[in-house]
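Residue-level structural notes
What follows is each chain in one-letter form.
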Amino acid sequence: MNFSRILLQASQKTLDELKAKIPEKAVYRQSVEAITAYRLKIVEENEDPLLAEKLINAGQMEELVEQAQDEIRLISKMAEWKAWEPLEEPAPPRQWEYFKKASLTE
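These lines cover the structure that appears in this document, whether it is placed above or below. These figures come from a predicted structure and were not determined experimentally.

The next thing to look at is the nonpolar core. Judged by nonpolar contacts, Ile6, Leu7, Ala10, Ile42, Val43, Ala52, Ile56, Met61, Leu64, Val65, Ala68 and Ile72 together constitute the single largest core of twelve residues. At the level of elements, helix H1 (3-21), helix H2 (27-45), helix H3 (49-56) and helix H4 (61-81) are the ones that each hand at least two residues to this core. With five residues, H4 is the single largest residue contributor to this core. Look past the residues within four positions of Ala52 in its chain and what remains in contact with it is Ile42, Val43 and Met61. Of all hydrophobic cores here, the second largest spans eight residues; its members include Ile22, Ala26, Tyr28 and Ile75.

Below is the structure:
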């Protein structure tokens, strides 16, 4: 089985699905596009699957294919959830405070 070819196809489908279903300004789309484009470029430029695996550094080719297929399924869910839209109800006060960095003077 030619996993490099399968990964190329899955990566292209991922990019197509993102463009069709997720708004361009959504952080999810931007993140997935960047990762997918990076992996796609490596596989296109390297005929040796072992070298591509090493350069991508995210698992074996079979795992990369599985990750791409999982992402394709997730894109439909994210489109359904519309995770980029504002919350239906405002977040409770101070809900996100634990994400703030402490000042250097504290």
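So, next bit.
Take Glu53: it is sitting in helix H3. Although Glu53 is buried, it makes no salt bridge; Lys54 carries the closest opposite charge, 11 Å away. Contacts of Glu53, omitting those with residues within four sequence positions, involve Ala58, Gly59, Gln60, Met61 and Glu62.

Turning next to the packing of H1 against H4. Packing of H1 against H4 leaves a shortest axis separation of 9 Å and a crossing angle of 15°. By the angle between their directions, the pair H1 and H4 is classed as roughly parallel. In this structure, H1 crosses over H4, and the sense of that crossing is left-handed. Along the contact surface, H1 presents Phe3, Ser4, Ile6, Leu7, Ala10, Lys13, Thr14, Glu17, Leu18 and Lys21, while H4 presents Met61, Glu62, Leu64, Val65, Ala68, Gln69, Glu71, Ile72, Ile75, Ser76 and Ala79. A breakdown of the residues in the contact of H1 with H4 according to their chemical character gives twelve nonpolar, four polar and five charged.

This next bit is on H4. Note: α-helices contain 3.6 residues per turn, so residues at a spacing of three or four share the same orientation. Given a rise of 1.5 Å per residue, 21 residues ought to cover 30 Å, and the 30 Å separating the end C-alpha atoms of H4 matches this to within 8%. Of the positions making up H4, those classed as buried are Met61, Leu64, Val65, Ala68, Ile72, Ile75, Met78 and Ala79. Of the surrounding secondary structure, the elements contacted by the buried residues of H4 are H1, H2 and H3.

What follows concerns the pattern of salt bridges. Under the criterion given, the structure shown has three salt bridges. Among the ionic pairs, Glu33 bridges to Arg29, the shortest N-O distance being 3.0 Å. A residue pair is termed a helical-turn pair when its members lie 3 or 4 positions apart in one helix, as Glu33 and Arg29 do in helix H2 at four residues. The pair Glu33 / Arg29 is uniform in exposure class, with both members buried.

Quick look at unusual backbone geometry now. One non-glycine residue with positive phi stands out, namely Asn57, at about 60°. Of note, Asn57 is situated in the loop between H3 and H4. Note on Asn57: relative accessible area 66%, which makes it exposed. Although it is not a glycine, Arg94 sits at a positive phi angle of roughly 65°. Locating Arg94 in the fold gives a position in the segment after H4.

The rules behind these values
- Residues numbered from 1 in each chain as written.
- Predicted model: local features only at pLDDT ≥ 70, side-chain atom pairs only at ≥ 80, totals over all residues.
- Heavy atoms only, no water.
- Core = buried A, V, L, I, M, F, W, Y, C linked by side-chain atoms within 4.5 Å.
- Buried < 20%, exposed > 50% of the residue type's maximum accessible area, 1.4 Å probe, protein only.
- Helix = DSSP H or I, 4+ residues; strand = E, 2+ residues; numbered from the N terminus.
- Contact = heavy atoms within 4.5 Å.
- Lys, Arg positive; Asp, Glu negative; His and termini not counted.
- Salt bridge = Lys/Arg side-chain N within 4 Å of Asp/Glu carboxyl O.
- Axes fitted to C-alpha atoms, helices over the stretch in contact; angles between N-to-C directions.
- Parallel < 35°, antiparallel > 145°, perpendicular 65-115°, else oblique.
- Left-handed = near helix turned anticlockwise from the far one by under 90°.
- Nonpolar A, V, L, I, M, F, W, Y, C, P; charged D, E, K, R; others polar.
- Expected span 1.5 Å × (residues − 1).

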